[in-house]
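The primary structure of each chain is shown beneath.
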Amino acid sequence: MIYQRSSQLFAEAKKYIPGGVNSPVRAFNAVGGEPIFIKEAKGAYLYDEDGNQFIDYINSWGPMILGHAHPKVIDALIEKAKKGTSFGTPTEIETEIAKLAVKMVPNIDQIRMVNSGTEACMSAVRLARGYTKRDKIIKFAGCYHGHSDTFLIQAGSGAVTFGEPNSPGVTQGTAKDTLLANYNDIENVKQIVSENQNEIACIILEPVAGNMGCIPPKGDFLQQLRQVCDENGILLIFDEVMTGFRLAQGGAQELFEIKADIMTFGKVIGGGLPVGAFAARQEIMDHLAPLGSVYQAGTLSGNPLAMAAGLKMLQELHQQPEIYQSINEKTAYLREGLQKVLTENEVTFTINQIGSMISVHFSDQEMKDFESAKSGNNERFKKFFHGMLKEGVYIAPSAFETWFISEAVSYGDLDFTIEAARKVTADGF
Ligand SMILES: *Cc1c(COP(=O)(O)O)cnc(C)c1O
């Protein structure tokens, strides 16, 4: 494939935008090479500025669960845009989407819209702190909750009681209130809780981790977390920015039958526009301004265009629940196909899959936490990524990302992808 125009555009972008990108992972730093500039997308496919076509397994990092440029979502956007794009006043459509979200997601009475997953998680933690009148939080190594200061804390092995910031600009003062635990390690959590009695406001986690590859919770990990929270007056926050409206209509709470206290959303809920949200039962949400004293606001929150896209997306998913079975089956088919060709090619691998989330790790370890995720052979991954790209298959440019399957992907596309993986991992891989 030729990437001449992408390359020119990247050179120009780098002059005016730091690193040429508006979000770092787009820059291909983890895999080497230059990013591809996408011109348009339709259904399962991306088309770049040089006219190359790719089957897309990133799907805008999750939102495009029905594929790109879904006609109903696009129509809803066009109709809405004709009526004005922002008023800074309440609008009816905000209640419509809130009502539908409350119907689809178990265990929530109210939802507040924001503009990104980062904002949702940041606000959820502030709400938990305001509600419990406690300062500390527990997060898990390898879980991503957006780029607000509280969450940018270095992943350490073992029980770490004092976090180290992993970005300059995050102060020690902030870092000291973020306690790090190991994913899928309940004993570790219990120890941290016992060492910080009556100080922990919340435990926040991805109920299925998706930012260290795809790592599902093991055994009764989530139930045990629920129990620890109940016994210690701690709020359980499920960061469902990735899993919400994807693993099921009601997200991970529905799939695992666990009730969290606060949930955060993003990605799918915006239908491809910048949206995040957080939700809880009434008694907790009553603490938010303007009812309560926990402040949270946004000039463009609940923006009509964003709500139009999000509402149409949720309506489609709500009206056709069979979509979930369909994407889950497609993803299982992809897993089986990849397992077969990688085994035939004698490649060492572990594949994790749950619902429409899947990741391939070039490691023979069980993938259960950040430590095991780091054991993957990154040189292999780079080769795999660039090989697949050359075949016309676009997976995320990092070994620590999950692939997302959209309903637009056909079995023909999946077969093509499996065959590409066979070629890429053949002799000498
Ligand atoms: C993407 C993501 C976020 C951050 O959302 P942004 O919209 O990028 O700010 C937070 N949590 C999880 C689990 C995510 O996958």
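Keep in mind the model is a prediction, meaning the values are calculated, not measured.

**Let's talk about the nonpolar core**
Soluble globular proteins tend to bury their nonpolar side chains together. Ranked by internal contacts, the top residues of the largest apolar core, which has 95 residues, are Tyr-57, Phe-140, Val-189, Leu-225, Phe-245 and Leu-317. Shared between two domains, this core holds at least three residues of each, these being domain 1 (4-69 + 321-424) and domain 2 (71-319). With 21 residues, the next largest nonpolar core counts Val-114, Ala-120, Leu-235 and Phe-278 among its residues.

**A short note on the domain arrangement of the chain**
Per the domain assignment, the segments of the chain are domain 1 (4-69 + 321-424) and domain 2 (71-319). Centre-to-centre separation of domain 1 and domain 2, based on C-alpha positions: 25 Å. Taken together, the contacts link 33 residues of domain 1 with 36 residues of domain 2. A combined buried area of about 2,700 Å² lies between domain 1 and domain 2, and 66% of that area is made up of carbon and sulfur atoms. Contact with domain 2 buries surface across domain 1, with Tyr-324, Ile-354 and Met-357 losing the most and accounting together for 23% of the total. Scanning the region where domain 1 abuts domain 2 turns up one salt bridge. Between domain 1 and domain 2 we count 13 residue pairs in polar contact (both at pLDDT 80 or more) in total. Among the elements that take part in the side of domain 1 that touches domain 2, strand β12 (residues 357-361) stands out by supplying four residues, more than any other. Considered class by class, the residues forming the side of domain 1 that touches domain 2 number 20 nonpolar, seven polar and six charged.

**A look at the packing of aromatic side chains**
On inspection of all chains with the given rule, the structure shows 13 aromatic pairs. Measuring from centroid to centroid gives 5.8 Å for Tyr-57 and Trp-403, while their planes differ by 45°, and the two rings are tilted. Residue Tyr-57 is located in the loop between β3 (53-56) and α2 (71-81), and its partner Trp-403 is located in strand β14 (residues 403-404); the two are separated by 346 residues in the primary sequence. Each member of the pair, Tyr-57 as well as Trp-403, is classed as buried. Arranged with centres 5.3 Å apart and planes meeting at 70°, the rings of Phe-362 and Phe-384 form a pair that is edge-to-face. Of the two residues, Phe-362 sits in the loop between β12 and α12 (370-373) while Phe-384 sits in helix α13 (residues 378-391), which places them 22 residues apart along the sequence. Each member of the pair Phe-362 and Phe-384 is classed as buried. Ring-pair connections join several aromatic residues into one group, and the members of that group are Tyr-57, Phe-362, Phe-384, Trp-403 and Phe-429.

**Describing the sheet that holds strand β13 (residues 393-394)**
Pairing within the open sheet is mixed, and its four strands lie in the order β1-β2-β3-β13. The open sheet is flanked by β1 (38-42) and β13, the only strands paired with a single partner. Summarising the sheet, β3 and β13 pair through two bridges and their orientation is parallel. Within β13, the residue paired with Ile-55 across the bridge is Val-393.

Cut-offs applied
Residues numbered from 1 in each chain as written. Predicted model: local features only at pLDDT ≥ 70, side-chain atom pairs only at ≥ 80, totals over all residues. Heavy atoms only, no water. Core = buried A, V, L, I, M, F, W, Y, C linked by side-chain atoms within 4.5 Å. Buried < 20%, exposed > 50% of the residue type's maximum accessible area, 1.4 Å probe, protein only. Domains from an automatic or database assignment. Contact = heavy atoms within 4.5 Å. Buried area = accessible area lost by both parts, 1.4 Å probe. Salt bridge = Lys/Arg side-chain N within 4 Å of Asp/Glu carboxyl O. Polar contact = N/O pair within 3.5 Å; in protein donor to acceptor, adjacent residues only side chain to side chain. Helix = DSSP H or I, 4+ residues; strand = E, 2+ residues; numbered from the N terminus. Nonpolar A, V, L, I, M, F, W, Y, C, P; charged D, E, K, R; others polar. Phe/Tyr/Trp six-rings, centres within 6.5 Å; stacked < 30°, edge-to-face > 60°. Pairing = 2+ DSSP bridges.

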